[in-house]
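Descriptive analysis of the structure
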Amino acid sequence: MLRVRPIHFTSRLEQWERLLTDLGMIKTLHDDTWREFDAASGRLALQHVPAGAENDGTSSFGVEVGDLEEFARRTNLAGLESGSTPAQLIPADIGDSCRITGRDGFSFLADKAAHFAQCADADLGLSVVAVWFTEDTTAAAETLRSIGARPRPVPDDDETADFTAKNGGVLMVRPGNGTARSGLGFEYTGDLSALRDRLAAAGHQVSMTEEAFGRTLHVANPDLAGAGGPALWVSARH
């Protein structure tokens, strides 16, 4: 089992919940500081942090798996082909997880899934996308192959790589300068204009761009309400 499930850290839980619900995601887990939302493909967790915290408004790359020990074994076996053993189990008394570390120093967690079924009521066109920005895109792509992610075709560009997870969601590798970092976005296979109109009717600030590689919907980021800054993106996927 492999499902994309990044974590977004925010002091604005309610605003994020409203946006994700309006995007067509379904809340499947709720407590005071942690919430999970299912898309038709992939899952996103929200973790509350105090306003002004260093990680307020940031996202962490992450996946869910079924059997942690088997996942680590298979990942390290696959990694041997490229001379690496990227998976390290985290002791149970610390957390039920496995840490994956790329050759660029970027690391992320594979957590044991709390629940396995994907919510059938979510908008069928929406997928969660986790992005790995790095100066070493080739090594990052090798690491994602090692964890069992499935490569999918991308436009001719030696510095990008796209993957899908067996149980939902998309993982992307994109070139970036400096320290490797993570990003968060969405893909949509439905009518992007209809999604734009739906979000606008719900009170979200939205705009659409048309570029050579396709259409992208930009949605105001709840963490930056009234402050401008980078918007969330939803890319058209056919």
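Structure's up top.
Read on for a plain summary of the structure. (Residues numbered from 1 in each chain as written. Predicted model: local features only at pLDDT ≥ 70, side-chain atom pairs only at ≥ 80, totals over all residues. Heavy atoms only, no water.)

Our focus in this paragraph is the overall build of the protein chain. Within the protein chain, the regular secondary structure consists of four helices and 18 strands. Taking 238 residues into account, the globule formula puts the C-alpha radius of gyration at 18 Å, and the protein chain, at 17 Å, falls close to it. Principal-axis analysis of the C-alpha atoms gives the protein chain an extent of 50 × 45 × 35 Å. For the protein chain, buried positions account for 47% of its 238 residues. A separation threshold of at least 6 residues defines the contact pool for the protein chain, and within that pool the share at least 24 residues apart is 64%. (Helix = DSSP H or I, 4+ residues; strand = E, 2+ residues; numbered from the N terminus. Rg over C-alpha atoms; globule rule 2.2 N^0.38 Å. Buried < 20%, exposed > 50% of the residue type's maximum accessible area, 1.4 Å probe, protein only. Contact = heavy atoms within 4.5 Å.)

On to the nonpolar core, then. Residues Leu144, Leu171 and Val234 are the most contacted members of the largest nonpolar core, which totals 49 residues. Take this core: its biggest share by element is five residues, from helix H1 (residues 13-23). Counting residues in each nonpolar core, the second largest holds five residues, with Ile7, Phe9, Trp34 and Ala45 among its members. (Core = buried A, V, L, I, M, F, W, Y, C linked by side-chain atoms within 4.5 Å.)

Following the sequence through the fold, Gln15 ends up in helix H1. Sequence-wise, Gln15 and Phe71 are 56 residues apart; in three dimensions their C-alpha atoms are separated by 35 Å.

Spatial strand order, S1-S7-S10-S9-S8: five strands in an open sheet with mixed pairing. A strand with exactly one partner marks an edge of an open sheet, and here the two such strands are strand S1 (2-4) and strand S8 (87-89). Each neighbouring strand pair of the sheet contributes to a mean axis angle of 30°, computed without reference to strand direction. (Pairing = 2+ DSSP bridges. Axes fitted to C-alpha atoms, helices over the stretch in contact; angles between N-to-C directions.)

Residues spaced three or four apart along an α-helix face the same direction, because each turn holds 3.6 residues. Relative to the 16 Å expected for twelve residues at 1.5 Å per residue, helix H2 (residues 68-79) spans 16 Å between its end C-alpha atoms, a close match to the ideal helical length. Looking at the packing, one finds that the buried side of H2 touches S1, strand S7 (62-65), S8, strand S9 (97-101), strand S10 (107-112) and helix H3 (137-146). The distance from a side-chain oxygen at the start of H2 to the backbone nitrogen of Glu69 is 3.1 Å, and the residue carrying that oxygen is Asp67. (Expected span 1.5 Å × (residues − 1). Polar contact = N/O pair within 3.5 Å; in protein donor to acceptor, adjacent residues only side chain to side chain.)

What follows deals with the pattern of salt bridges. Summed over all chains, the structure comprises 19 salt bridges. A salt bridge links Arg103 to Glu142; its shortest N-O distance comes to 2.9 Å. Of this pair, Arg103 sits in the loop between S9 and S10 while Glu142 sits in helix H3, placing them 39 residues apart in sequence. Here Asp162 makes a salt bridge to Arg152, at a shortest N to O gap of 3.2 Å. With a gap of ten residues between them, Asp162 in strand S13 (residues 161-164) and Arg152 in strand S12 (residues 150-152) connect regions that are remote in the sequence. (Salt bridge = Lys/Arg side-chain N within 4 Å of Asp/Glu carboxyl O.)

Read across the sheet, eight strands follow the order S12-S13-S14-S11-S15-S18-S17-S16 without closing on themselves; strand pairing throughout is mixed. Of all the strands in the sheet, the pair left with one neighbour each is S12 and strand S16 (206-211). In this sheet, neighbouring strand axes are inclined to one another by 30° on average, regardless of whether the strands run parallel or antiparallel. Sheet contacts for H3: strand S11 (126-134), S12, S13 and strand S14 (170-175); angle to S14, the most-contacted strand, approximately 165°.

Time to look at the side chain of Ser235. Mapped onto the secondary structure, Ser235 falls in strand S18 (residues 232-236). Setting aside its immediate chain neighbours within four residues, Ser235 contacts Phe186, Glu187, Tyr188, Arg215 and Thr216.

We now examine the packing of H1 against helix H4 (residues 192-201). Taken N-terminus to C-terminus, the directions of H1 and H4 make an angle of 145°; their axes are 10 Å apart at the nearest point. Judged by the twist between their axes, the crossing of H1 over H4 is right-handed. Note on element contacts: H4 touches H1 through Leu195, Arg198 and Leu199, opposite Leu19, Asp22 and Leu23. For the contact of H1 with H4, the residue count by class is four nonpolar, no polar and two charged. (Left-handed = near helix turned anticlockwise from the far one by under 90°. Nonpolar A, V, L, I, M, F, W, Y, C, P; charged D, E, K, R; others polar.)

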